[in-house]
Amino acid sequence: MGVEISDEARRLVALFEDEAGVTVRDCVVDEDHDQVVYLVKRGEIADAIGPGGTTVGRVEEQLGRDVKLIEDAERAEDFVANALAPAAVYNVTVSENGDTVAYVEVPQEDHGAAIGRNGRNIDAARRLAQRHFDIDGIELT
């Protein structure tokens, strides 16, 4: 996996992989937003969600908290776009002037979806982008 995860996250990875039959690349337990964020292997996101969201729904019920799924990507730009879904992302530019920041073009009407309730979506995107691509920040434009 390349990143260190807690014992609790390992247990949650095993649970989700058993339930969904997919490969989980990373897992973050977000206590601030009462959710678990899974980074799913590229190409397996549909199986992770399940028909009509049934698979992710079963896991949410077992955990008693929300689950956010993010599809992995090879490039940082694609990763950030995936992490901000379901917001429409038009373009991602990664700038390395001192800090590495991903500037994301999102239509105004999708800013709420990109940010999420109490910042939960953008916080998860920032945390995982840091862990996997050394991106220090994500800014919506």
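Residues numbered from 1 in each chain as written. Predicted model: local features only at pLDDT ≥ 70, side-chain atom pairs only at ≥ 80, totals over all residues. Heavy atoms only, no water.

Asks: When you look at helix H3 (residues 54-63) in this model, what are you seeing that I'm missing?
Replies: A turn of α-helix holds 3.6 residues, and therefore any two residues three or four places apart point the same way. Within H3, the full set of buried residues consists of Thr 55, Val 56 and Val 59. Projection of H3 onto a plane perpendicular to its axis shows the buried side chains occupying an angular sector of 95 degrees, all on one side. For H3, the elements touching its buried residues are helix H1 (7-20), strand S2 (35-40), helix H2 (45-49) and strand S3 (66-71). Two residues or fewer past H3, Gly 64 is found with a positive phi of approximately 70 degrees. (Buried < 20%, exposed > 50% of the residue type's maximum accessible area, 1.4 Å probe, protein only. Helix = DSSP H or I, 4+ residues; strand = E, 2+ residues; numbered from the N terminus. Arc of directions from axis to C-beta. Contact = heavy atoms within 4.5 Å.)

Asks: Please clarify how H1 should be interpreted in this entry.
Replies: With 14 residues, H1 extends 20 Å from end C-alpha to end C-alpha; this agrees with the ideal 20 Å at 1.5 Å per step. Of the surrounding elements, those touching the buried residues of H1 are strand S1 (24-30), S2, H2, H3 and S3. Gly 21 lies just past H1 and shows a positive phi near 70 degrees. (Expected span 1.5 Å × (residues − 1).)

Asks: Explain the packing of aromatic side chains here, please?
Replies: Aromatic ring pairs: the centre-centre distance and the angle between the two ring planes describe each pair. Per the stated rule, a full pass over the model turns up two aromatic pairs. Taking the centre distance of 5.1 Å and the plane angle of 55 degrees together, the rings of Phe 79 and Phe 133 count as tilted. Residue Phe 79 is located in helix H4 (residues 76-83), and its partner Phe 133 is located in helix H6 (residues 120-133); the two are separated by 54 residues in the primary sequence. (Phe/Tyr/Trp six-rings, centres within 6.5 Å; stacked < 30°, edge-to-face > 60°.)

Asks: Got a minute to help me understand the UniProt feature "domain: NusA-like second KH" (unreviewed entry) in the protein chain in this structure?
Replies: The UniProt record annotates "domain: NusA-like second KH" (unreviewed entry) at residues 77-138. Structurally, residues 77-138 is divided into 42% helix and 26% strand, and its ends, taken at the C-alpha atoms, are 11 Å apart. (UniProt positions renumbered as here; feature names shortened; annotations may be inferred.)

Asks: Help me out: how do you make sense of the pattern of salt bridges in this one?
Replies: Note that side chains of opposite charge can pair when their charged atoms are close. In the structure shown here, the tally under the stated rule is 11 salt bridges. Notably, a salt bridge pairs Asp 66 with Arg 117, separated by 3.5 Å at the nearest N-O pair. Separated by 51 residues along the polypeptide, Asp 66 in strand S3 and Arg 117 in the loop between helix H5 (111-115) and H6 bring together distant segments of the chain. Taking the relative accessible area as the measure of exposure, Asp 66 reaches 32% and is therefore partly exposed. Of the charged contacts in the structure, one is a salt bridge between Arg 120 and Asp 66, with a shortest N-O distance of 3.0 Å. You can see Arg 120 sitting in helix H6 and its partner Asp 66 sitting in strand S3, a full 54 residues away along the chain. Residue classification places Arg 120 among the buried residues on the basis of a relative accessible area of 8%. One network of salt bridges, in which partners are shared, links Glu 31, Asp 34 and Arg 65. (Salt bridge = Lys/Arg side-chain N within 4 Å of Asp/Glu carboxyl O.)

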